[in-house]
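Residues per chain are reported as follows:
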Amino acid sequence: MTFYRTTRLMLSSVAFLSLAGSAFALDGQDLLKKINAAYSQQGGTIVADGVDVNGTTVTLKKASFKSNSGEAVSIGDITMTGVEADEDGSYYVEEASFPNVSATSEGSTFTASDLTLSGISIPADPKGEGLDAMLLYENAHSGPVKVIQNGEELFSLAESDLNLTLREDESGFDFDGAFKGLKADLSKASDAQSKEAIEKLALQHIQGDITMKGAWDLTPGTIDVSEFAFDFNNVGKLNLAFKISGYTMPFVKSLQEAAKQAEANQNKEEAQQALGLSMLGLMQQLSFESAQIRFDDASITKRALDYAGGQQNISGQQMADSLKAMTPIMLAQLNIPELQNAISAAVNTFLDNPKSLTLAAAPAKPVPFPMIMGAAMGAPNTLPQVLGVKVSAND
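Analysis parameters
- Residues numbered from 1 in each chain as written.
- Predicted model: local features only at pLDDT ≥ 70, side-chain atom pairs only at ≥ 80, totals over all residues.
- Heavy atoms only, no water.
- Core = buried A, V, L, I, M, F, W, Y, C linked by side-chain atoms within 4.5 Å.
- Buried < 20%, exposed > 50% of the residue type's maximum accessible area, 1.4 Å probe, protein only.
- Helix = DSSP H or I, 4+ residues; strand = E, 2+ residues; numbered from the N terminus.
- Contact = heavy atoms within 4.5 Å.
- Patch = residues over 30% accessible without salt bridge, like charges linked within 9 Å, V, L, I, M, F, W, Y side chains within 5 Å.
- Areas by Shrake-Rupley, 256 points an atom, 1.4 Å probe, with all protein chains shown as cover.
- Salt bridge = Lys/Arg side-chain N within 4 Å of Asp/Glu carboxyl O.
- Lys, Arg positive; Asp, Glu negative; His and termini not counted.
- Charge placed at Lys NZ, Arg CZ, Asp CG, Glu CD.
- Pairing = 2+ DSSP bridges.
- Arc of directions from axis to C-beta.
- 1 Å grid on protein atoms, 1.4 Å probe; cavity = no way out; pocket = protein on both sides within 12 Å on 5 of 7 lines; lining within 4 Å.
- Points joined across faces, edges and corners; volume = space filled by probe spheres on them.
- Nonpolar A, V, L, I, M, F, W, Y, C, P; charged D, E, K, R; others polar.

- Where an unreviewed UniProt entry is consulted, the protein appears under the name DUF945 domain-containing protein, with the organism given as Rhizobium altiplani.

This is the structure in structure tokens:
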């Protein structure tokens, strides 16, 4: 008797789980609908011939991306794994994988493989407020990317990763990215003048990485990009950094709405004008906090001086001396006496021993963008003081 009771209990459990599985089966069409509701805010939709659901895996068959302007780009099958539906109607996707890309045009072939998005949050209602209304991902990855022309590789990228991390208190995001193993073959330049410059500067084969790092604080709308660096072997490292405030969630919604209206307008000239006016209006909500441009030399400066000097039948050192002499004369025309001496000193120091050159702007307090535009139009020579500009070398 005990055996039969146990058997009936097991069979009942299996039947219940089967019914539960059917009751809570994923709705693939609803998932695609929610994706498009959110994605349309950013300028497009995804069209699929069919939607297959197998447990927690959803496949968009023969998918294509269609921009709001009507142009469609074929993608292929998009496979989403680890799909979960929440009670509020939102979805979470562990990973979405895309088919490899191979496109040929005018003798050039572009290929990209291992394309994935991970940790995707799809909102139930993208028109709502707060983070729950945003389409977000935690990681975007690509494997090798190549451009081949006439059988020769002109450009390649080993891999790339973009990461977005939501803070535990949901006060903002931290983000970083890396494009690793970038290579470009410039030796095949057809223009004689360009070919000569490339050879003199030893830029026939360049390789390096591009990296970025930053944060976004939602309440004040502060975007702080601390690193956006282009680091190339035997050339140097150029790093761009900036910090602005006012880039809030309502600001983002306004940007999306302005772009959406421009896309919907059939008169493209009128649409661009309207979008431009909208951007000017929205810019008034932003404030400038700081910015920095820094270049760390890795031998390109000397080669550039030698090449420029050679064009005038003088040596690289003579070219450097000429630039040092010309700098104060050119700066005098800008009428920025407070900054003129600092720039001249930095240029002299850098040209004598090229290591690093830094241009930084850090006002005592945030400066509204309208004030910057007003100064630029009315008294451009006051901008360095308004923005707190400083120049230094080899620091």
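Some words on the nonpolar core
In a soluble, globular protein the nonpolar side chains are often hidden away together inside.
Here is step 1: By size, the foremost hydrophobic cluster in this structure holds 23 residues, and its most contacted members are M134, F173, W216, F288, F369, I372 and L387.
Here is step 2: Counting residues per element, the ones that place at least two in this core are β13 (172-185), β15 (222-232), α4 (249-264), α9 (369-378) and α10 (383-387).
Here is step 3: Not counting the four nearest positions on each side in its chain, L387 is found in contact with F288, A361, A362, P363 and I372.

Topic: a negative patch on the surface
Here is step 1: Side chains of E84, D86, E87, D88, E94, E95, D114, D132, E159, E168, D169 and E170 sit close together on the surface and give a patch of like negative charge.
Here is step 2: We classify E95 as partly exposed; its relative accessible area is 33%.

Details of the pairing of strand β4 (residues 72-85)
Here is step 1: Both strand β3 (residues 57-67) and β4 contribute to a ladder of seven bridges, which runs antiparallel. Note on β4: the bridge partner recorded for K66 is A72.
Here is step 2: Where β4 meets strand β5 (residues 91-98), six bridges bridge the pair, whose relative direction is antiparallel. The residue bridging M80 from the neighbouring strand is A96, located in β5.

Some details on the environment of E138
Here is step 1: Structurally, the position occupied by E138 is in the loop between β8 (115-122) and β9 (139-142).
Here is step 2: By relative accessible area, which is 41% here, E138 ends up partly exposed.
Here is step 3: Along the primary structure E138 and V386 are separated by 248 residues, whereas in three dimensions their C-alpha atoms are 38 Å apart.

Here's the deal with α9
Here is step 1: Looking only at α9, the buried set comprises F369, I372 and A375. Mapping the buried residues of α9 onto a view down its axis gives an arc of 125°, with all of them on the same face. Exposed residues pointing more than 90 degrees away from the buried face of α9 are listed as M377 and G378.
Here is step 2: Check the buried side of α9 and you find it contacts β16 (236-245), α5 (268-283), β17 (287-297), β19 (367-368) and α10.

Some thoughts on the pattern of salt bridges
Here is step 1: Counted under the stated rule, the structure contains 13 salt bridges.
Here is step 2: One salt bridge in this structure joins D77 and K61, with 3.2 Å as the shortest N-O distance. One end of the pair, D77, is in strand β4; the other, K61, is in strand β3, and 16 residues separate them in sequence.
Here is step 3: Its relative accessible area of 30% is what places K61 among the partly exposed residues.
Here is step 4: A salt bridge links K243 to E289, with the shortest nitrogen-to-oxygen separation between them at 3.7 Å. Placement of K243 in strand β16 and of E289 in strand β17 is noted, with a sequence separation of 46 residues between them.
Here is step 5: Its relative accessible area of 26% is what places K243 among the partly exposed residues.
Here is step 6: For E289, a relative accessible area of 21% puts it in the partly exposed group.
Here is step 7: Three or more residues joined by partner-sharing salt bridges are found here, namely E152, D185 and K188.

With respect to the layout of surface pockets
Here is step 1: By volume, the largest pocket is sized at about 1,200 Å³.
Here is step 2: If you trace the largest pocket, you find 38 residues lining it, with Y39, Q42, L135, L136 and Y137 closest to the centre.
Here is step 3: Taken together, the residues that form the lining of the largest pocket break down as 32 nonpolar, four polar and two charged.
Here is step 4: Taken as a whole, the second largest pocket encloses approximately 490 Å³ of empty space.
Here is step 5: Counting only elements with at least two residues in the lining of the second largest pocket, the list comes to β4, β5, β8 and β12 (159-166).
Here is step 6: Considering only residue class, the lining of the second largest pocket consists of 13 nonpolar, four polar and seven charged.

Considerations on the pairing of β13
Here is step 1: As paired strands, strand β11 (residues 152-157) and β13 are joined by two bridges and run antiparallel to one another. What sits directly across from S156, in β13, is K183.
Here is step 2: One ladder, built from eight bridges, connects β12 with β13; its direction is antiparallel. Counterpart to N163 in the pairing with β13 is D176.
Here is step 3: Bridging between β13 and strand β14 (residues 205-217) involves 12 bridges; their strand directions are antiparallel. Counterpart to G177 in the pairing with β14 is M212.

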